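Structure assessment
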Amino acid sequence: MVLTLQDVSMIYKSKGNKGKKEQALDSINLSILQGEFVGVLGRSGAGKSTFIRCINQLVRPSHGKVIWLDKEMTTMNKDQLCITRREIGMIFQQFNLVPRLSAHKNCVMGGFGYRPRWKNMLGLITAEERERAMRALERVGIDHMAHKRVDQLSGGQQQRVAIARMIMQKPKLILGDEPVSSLDPTTSKEVMQLIRDVHDTENMTTLINLHNVELALEYCDRIIGLAEGRLVFDGSPQDVDDHALKTIYG
Amino acid sequence: MWFNKKNILITVFIFGIVIWSSIGTGVRPIPLDNFVAFSERFFPPNWDRTNVALSASLITLQVAFLGTILALLVAIPISFLAANNTSPNGYVYHTVRSMLSFLRSVPDIVLGLFFVVLIGLGPYAAVLAIFIHNVGVLGKLIAELIESADKGPQEAVQSMGLCKSMVALYGVLPQIIPNVLSHYFYRFEVAIRTSLILGFIGAGGIGQLLFNDFQTFRYDNVSLYVLFIMGLVVFVDMLGSYVRNRVI
């Protein structure tokens, strides 16, 4: 077991609604094995993004434990979290690259978590880091755009840069929050294939939110389904039948 | 559509206030002969004073630049403490916000008077006045830019294992730089006008020349100084546009 979620719940307190509470996750219990490629399915608002963010503690769960490689993340202080987050790469729906910076600079930033703070403060980059970033961009087939500003790239190209940045981070776990939702079908497949290749060659573990059931069935080894914050399905892609889809999507 | 009872009443009301304000401030037509006589003394500008005007203009430029660039350097780190998404806690946020409001609330001319008394006549007093006032103004404006910055890149930087100060440096700062420059150049332009006014109280530069020659009725010199002032403002505006275009 590389990742375990024990009784994880998340309740958001709505700011403008007289303290009204909204339960995003409800007692999630889950174990993920080393090397699994897990697709997370669910309707919009089912709690998929919160679920992914609770794993690397971008969202601190209201209740429960998240245990990553025998370390309980939910009780970590800020410094411990920073160190642990380096092992967990994340890919976002809107790519979340730093606009105005080149693809190469965005990629280099992936390794910043391992460097001393003063070096990051001064923005000093070694020749070795430059070279490694170029190799990561080459790996995702975007090295010819290395010095172009990311806001001048297409959605698919930006997501490739985000994947290169994630490779630069040398993570053991990949989290994906709907990484292909804003891409066209052909590019979605290319990006999913790229994530799967990186997962396989680097022997990583992957959890990825997906809207597209077909993509999930094609690329994932295991499917979990969320509905109204609860885990309602957990099985192999072969187990996803009409009944399972009805359970997940209602 | 426009001519309904409500709009007519609003128009009459606003017009009434305009009349009331005009009476209160003594607004009346300017006698044309006065205007012509006054204009004749303005032109042609006294070009013999060009060297003097140029060196005073450069002092005004130096005052405005130094005051605002130092304010920017101080305001950037402070603004991260004054933004609710990057401030360490509510106590720091409210304290720094209040401090910025205080700095902003004192007009630069009042600060100028204070520093002229404290350190004596000359451009240095103007630099300090512009610096302190602009720390308050730029601090608030940049804090608002930080608060409205896209959360996505911040979340990405955080997820890579970087601490809060690095999130600010790499997740926020690159996003807001064009708007920071935009605010800076606007404040630089305002500072040029402010340093002119500060010249009236002895803080040097072209403002002081303008005030002295106006007092001694040398309107031909004044018109030359006005041309230099216009040139300065246009120069800063063009410089700002150039830098913004290069950065954006």
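Residues numbered from 1 in each chain as written. Chains lettered and ligands numbered in written order. Predicted model: local features only at pLDDT ≥ 70, side-chain atom pairs only at ≥ 80, totals over all residues. Heavy atoms only, no water.

With an unreviewed UniProt entry as reference, chain B is termed Phosphonate ABC transporter, permease protein PhnE, source organism Salipaludibacillus neizhouensis. Chain B has a UniProt comment under Subcellular location (unreviewed entry) that states "Cell membrane". (UniProt positions renumbered as here; feature names shortened; annotations may be inferred.)

Under an unreviewed UniProt entry, the name given to chain A is Phosphonate ABC transporter ATP-binding protein, and the organism recorded is Salipaludibacillus neizhouensis.

1. So, the interface of chain A and chain B
Many structure descriptions define interface size as the accessible area lost when the parts assemble. With 25 residues of chain A at the interface, the matching set in chain B holds 21 residues. Across the contact surface, chain A and chain B share one salt bridge. The salt bridge involving Arg-53 of chain A is made with Glu-155 of chain B; its shortest N-O contact spans 2.6 Å. At the junction of chain A and chain B, the tally comes to four residue pairs in polar contact (both at pLDDT 80 or more). Elements supplying a minimum of two residues to the side of chain A that touches chain B: helix 2 (78–85), strand 6 (88–92) and helix 4 (117–122) of chain A. Grouping the amino acids of the side of chain A that touches chain B by side-chain chemistry returns eleven nonpolar, seven polar and seven charged. (Contact = heavy atoms within 4.5 Å. Salt bridge = Lys/Arg side-chain N within 4 Å of Asp/Glu carboxyl O. Polar contact = N/O pair within 3.5 Å; in protein donor to acceptor, adjacent residues only side chain to side chain. Helix = DSSP H or I, 4+ residues; strand = E, 2+ residues; numbered from the N terminus. Nonpolar A, V, L, I, M, F, W, Y, C, P; charged D, E, K, R; others polar.)

2. Points about the packing of aromatic side chains
Counted by the stated rule, this structure contains eight aromatic pairs over all chains. Relative to Tyr-219 of chain B, the ring of Phe-214 of chain B has its centre 5.2 Å away and its plane inclined at 65 degrees; by these criteria the two rings are edge-to-face. Take Tyr-219 of chain B: its relative accessible area is 8%, and that puts it in the buried class. Each member of the aromatic cluster is reached from another via a ring pair, and the members are Phe-65, Tyr-184, Phe-185 and Phe-188 of chain B. The ring of Phe-112 of chain A is capped by Arg-115 of chain A, whose NZ or CZ atom sits 4.2 Å from the centre of that ring. The ring centre of Tyr-114 of chain A lies 5.5 Å from the NZ or CZ of Lys-170 of chain A, which sits over that ring. (Phe/Tyr/Trp six-rings, centres within 6.5 Å; stacked < 30°, edge-to-face > 60°. Buried < 20%, exposed > 50% of the residue type's maximum accessible area, 1.4 Å probe, protein only. Lys NZ or Arg CZ within 6 Å of the ring centre and 35° of its normal.)

3. What about a nonpolar patch on the surface?
A grouping of Ile-10, Phe-13, Ile-14, Ile-17, Val-18 and Trp-20 of chain B is seen on the molecular surface, where their side chains present a nonpolar patch of about 650 Å² in accessible area. Look at Ile-14 of chain B and you get partly exposed, because its relative accessible area is 49%. (Patch = residues over 30% accessible without salt bridge, like charges linked within 9 Å, V, L, I, M, F, W, Y side chains within 5 Å. Areas by Shrake-Rupley, 256 points an atom, 1.4 Å probe, with all protein chains shown as cover.)

4. Focus on the packing of helix 6 (residues 123–147) of chain B against helix 8 (residues 164–200) of chain B
Residues and elements named next belong to chain B. Two elements in contact, helix 6 and helix 8, have axes whose closest approach is 10 Å; the angle formed by their N-to-C orientations is 150 degrees. Looking at the two axes, helix 6 sits roughly antiparallel to helix 8. In terms of crossing hand, the pair formed by helix 6 and helix 8 is right-handed. Of the residues in helix 8, those in contact with Ala-126, Ala-129, Ile-130, His-133, Asn-134, Val-137, Leu-138, Leu-141, Ile-142, Leu-145 and Ile-146 of helix 6 are Val-172, Ile-176, Asn-179, Val-180, His-183, Tyr-184, Arg-187, Ala-191, Thr-194, Ser-195 and Leu-198. By residue class, the composition of the contact of helix 6 with helix 8 is 15 nonpolar, six polar and one charged. (Axes fitted to C-alpha atoms, helices over the stretch in contact; angles between N-to-C directions. Parallel < 35°, antiparallel > 145°, perpendicular 65-115°, else oblique. Left-handed = near helix turned anticlockwise from the far one by under 90°.)

5. Re the environment of Met-109 of chain A
Tracing the sequence through the fold places Met-109 of chain A in the loop between helix 3 (103–108) and helix 4. Through-space distance from the C-alpha of Met-109 of chain A to that of Asn-120 of chain A is 9.0 Å; in sequence the pair is eleven residues apart. Once residues within four sequence positions are removed from consideration, Met-109 of chain A is found in contact with Val-98 and Leu-101 of chain A together with Val-157, Met-160 and Tyr-170 of chain B.

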